[in-house]
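Residue-level structural notes
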Amino acid sequence: TNMGSCTVGGLCNEQTQDLFNLEFRTPAEYQELLHPFPAMPRAMINDNQIYWNFGYTEYEDNVWERQYLLEGSDYNNRGYDLDSSFGVIECVPKAGCDLSFN
């Protein structure tokens, strides 16, 4: 969503939601190691090379449980241009602040 000149104030319902704001910048140069081949320069970074999620992962009774409110693949399933900025601004439930970003 293009927010134009809007501000984030008032974007979320302050009673039930918190703001999740992620910004990152990709490097100007990137070489992917393709074992057993030498590193190759790339024009972009594949989406599976920059994978992120916001939620939780628990291990209990020999079972992994994952709960993601937001995942990078929800926003980009192609790849990331080099030397570029990317960002996500979303409202998450208040309990979301107890979750982790990884």
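Data block above holds the structure.
Computed from a predicted model, the values in this text were never measured in an experiment. (Residues numbered from 1 in each chain as written. Predicted model: local features only at pLDDT ≥ 70, side-chain atom pairs only at ≥ 80, totals over all residues. Heavy atoms only, no water.)

Moving on: the packing of aromatic side chains. The final tally for this structure, using the stated rule, is six aromatic pairs. Their ring planes at 40° and their centres at 4.5 Å tell us that phenylalanine 20 and phenylalanine 54 sit as a pair that is tilted. In this pair, phenylalanine 20 is assigned in strand S1 (residues 17–25) and phenylalanine 54 in strand S5 (residues 53–60), connecting sequence segments 34 residues apart. A relative accessible area of 9% places phenylalanine 20 in the buried class. (Phe/Tyr/Trp six-rings, centres within 6.5 Å; stacked < 30°, edge-to-face > 60°. Helix = DSSP H or I, 4+ residues; strand = E, 2+ residues; numbered from the N terminus. Buried < 20%, exposed > 50% of the residue type's maximum accessible area, 1.4 Å probe, protein only.)

Attention shifts here to the environment of leucine 69. Relative to the helices and strands, leucine 69 resides in strand S6 (residues 63–71). Judged by its relative accessible area of 30%, leucine 69 falls in the partly exposed class. Measuring from C-alpha to C-alpha, the distance between leucine 69 and glycine 55 comes to 5.5 Å, with 14 residues separating the pair along the chain.

Time to look at the pattern of salt bridges. Summed over all chains, the structure comprises two salt bridges. A salt bridge links arginine 25 to aspartate 83, with the nearest nitrogen and oxygen atoms 2.9 Å apart. Of this pair, arginine 25 sits in strand S1 while aspartate 83 sits in the loop between strand S7 (79–81) and strand S8 (85–93), and the two are 58 residues apart along the sequence. (Salt bridge = Lys/Arg side-chain N within 4 Å of Asp/Glu carboxyl O.)

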